[in-house]
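The lines below spell out each chain.
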Amino acid sequence: MKNSTISDALLVSDYMKGNESALSNLITRHKQRIYSFIYSKVYDRDVAEDIFQDTFIKVIKTLKKGAYNEEGKFLPWVMRIAHNLVIDHFRKNNRMPKFENNDDFNIFSVLSDGALNAEKQLVKEQVEKDVRRLIEELPLDQKEVLMMRMYKEMSFKEISEQTGVSINTALGRMRYALINLRKVIDKHNIILTN
Amino acid sequence: MYSETSRRDRVNQNLIPKEETVKFLLNYSKALSVIDYNKMKFEALLN
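Calculation notes
Residues numbered from 1 in each chain as written. Chains lettered and ligands numbered in written order. Predicted model: local features only at pLDDT ≥ 70, side-chain atom pairs only at ≥ 80, totals over all residues. Helix = DSSP H or I, 4+ residues; strand = E, 2+ residues; numbered from the N terminus. Buried ≥ 20, exposed ≤ 12 C-beta atoms within 10 Å, placed from the backbone. Contact = placed C-beta atoms within 7 Å. Core = buried A, V, L, I, M, F, W, Y, C linked by C-beta atoms within 7 Å. Nonpolar A, V, L, I, M, F, W, Y, C, P; charged D, E, K, R; others polar. Axes fitted to C-alpha atoms, helices over the stretch in contact; angles between N-to-C directions. Parallel < 35°, antiparallel > 145°, perpendicular 65-115°, else oblique. pLDDT = per-residue confidence, 0-100. Pairing = 2+ DSSP bridges.

(A) Highlighting the overall build of chain A. Counting its secondary structure elements, chain A contains eight helices and zero strands. For chain A, the N- to C-terminal ordering of α and β elements is α-α-α-α-α-α-α-α. Counting only residues that meet the buried cut, chain A has 17% of its 194 residues in that class. Relative to all contacts within chain A whose residues are 6 or more apart in sequence, the contacts with residues 24 or more apart total 57%.

Structure follows, in structure tokens:
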């Protein structure tokens, strides 16, 4: 019997019974239609090739598992699988848009990692250490207010309550603490930068 | 003069997948074995 006279349903049935050449006949019979359909959506030969392959991998798995139940509607079934895979392809591409760098635009000029790199992290730690050492040189009352305000994030009301001085005095001590820190920094040409 | 073929014309060409793709599928099919075990189906690829 000529291949063209055998129905899809019979070829599917033969294949499910273990006749591998039936699959070859089915692919040969429908490859152009399925591949053209895929290509008409994606307009890329390589992508079309991948989707065609994935389509038939699904077909093969379904048939081998005996899960196919659309007898007589083989082509529409395969086309539906291909259609779904095309949709998956576009969904995937929308989620992960491709950027190609060129002379006018480089994606890394607009994308950056918020985390400090190793060098910046080291500098930051050094600056923090230097500031701590400078604070240690302040008179005790000023140091106390500055520590409460900057490191414990206390309000001046809370500082005044804890130290037993008025808010104005706490503010004054903070002011002098900052003035004295600046003086020491200027005097010794200390560069605090990050 | 603008003479590029339209999208539809390009799609209407006799487009078929590469022979190696079809070969891969046929070999994949031959290698794939589905094993039934306790109402469960396992796929095994045999080389």
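(B) The overall build of chain B, seen in detail. Helix and strand content of chain B: two helices and two strands. Each helix and strand of chain B, placed in order from N terminus to C terminus, yields the pattern α-α-β-β. Relative to its full complement of 47 residues, chain B shows a buried share of 9%.

(C) Up close: the nonpolar core. Residues and elements named next belong to chain A. One finds I34, I38, I51, F52 and A82 to be the most contacted residues of the largest nonpolar core, which totals 26 residues. Looking at this core element by element, the count peaks at nine residues for helix 2 (residues 20-42). Setting aside residues up to four positions removed in sequence, I38 forms contacts with A48, I51, F52, A82 and V86. Ranked by size, the runner-up nonpolar core spans six residues in total, among them L138, L146, I159 and A170.

(D) Structural detail: the interface of chain A and chain B. With 19 residues of chain A in contact, the opposing surface of chain B contributes 18 residues. Ranked by residue count, the leading element in the side of chain A that touches chain B is helix 2 of chain A, at 10 residues. Taken together, the residues of the side of chain A that touches chain B break down into eight nonpolar, five polar and six charged.

(E) Focus on the packing of helix 6 (residues 140-151) of chain A against helix 8 (residues 167-187) of chain A. Residues and elements named next belong to chain A. The interhelical angle for the contact between helix 6 and helix 8, taken along N-to-C directions, is 100 degrees, at an axis separation of 8 Å. With respect to their mutual orientation, helix 6 and helix 8 come out roughly perpendicular. Two secondary-structure elements touch here, helix 6 through D141, Q142, K143, V145, L146 and R149 and helix 8 through A170, R173, M174, Y176, A177 and N180. Residue classes in the contact of helix 6 with helix 8 are distributed as six nonpolar, two polar and four charged.

(F) Local environment of the packing of helix 7 (residues 156-163) of chain A against helix 8 of chain A. All names here are of chain A. Orientation of helix 7 relative to helix 8, taken along the N-to-C sense of each, is 105 degrees, at an axis distance of 8 Å. As judged from the angle between their axes, helix 7 and helix 8 are roughly perpendicular. For the pair helix 7 and helix 8, the contacting residues are F156, K157, I159, S160 and T163 in the first and I167, A170 and L171 in the second. In the contact of helix 7 with helix 8, the residues fall into five nonpolar, two polar and one charged.

(G) Summary view of the confidence of the model for chain A. Scored by pLDDT, chain A comes out at a mean of 85, with 85% of its residues at no less than 70. Per-element confidence in chain A is highest for helix 3 (residues 45-64) of chain A, whose mean pLDDT is 95, and lowest for helix 5 (residues 118-136) of chain A, whose mean pLDDT is 82.

(H) Quick peek at the confidence of the model for chain B. Across chain B, the average pLDDT comes to 76, with 66% of residues at 70 or higher. Among the prediction metrics, the complex's ipTM stands at 0.75, with pTM recorded as 0.55.

(I) Region of the structure containing the environment of Y39 of chain A. Residues and elements named next belong to chain A. In this structure, Y39 sits in helix 2. Note on Y39: 23 C-beta atoms within 10 Å, which makes it buried. A sequence separation of 47 residues divides Y39 from V86, and the C-alpha atoms of the two residues are 9.5 Å apart.

(J) Looking closely at the pairing of strand 1 (residues 32-37) of chain B. Residue and element names in this part refer to chain B. The element strand 1 is barely covered by neighbouring structure, given that only zero of its six residues are classed as buried. With six bridges connecting them, strand 1 and strand 2 (residues 40-45) associate as antiparallel partners. From the neighbouring strand, S33 faces strand 2, where its bridge partner is A44.

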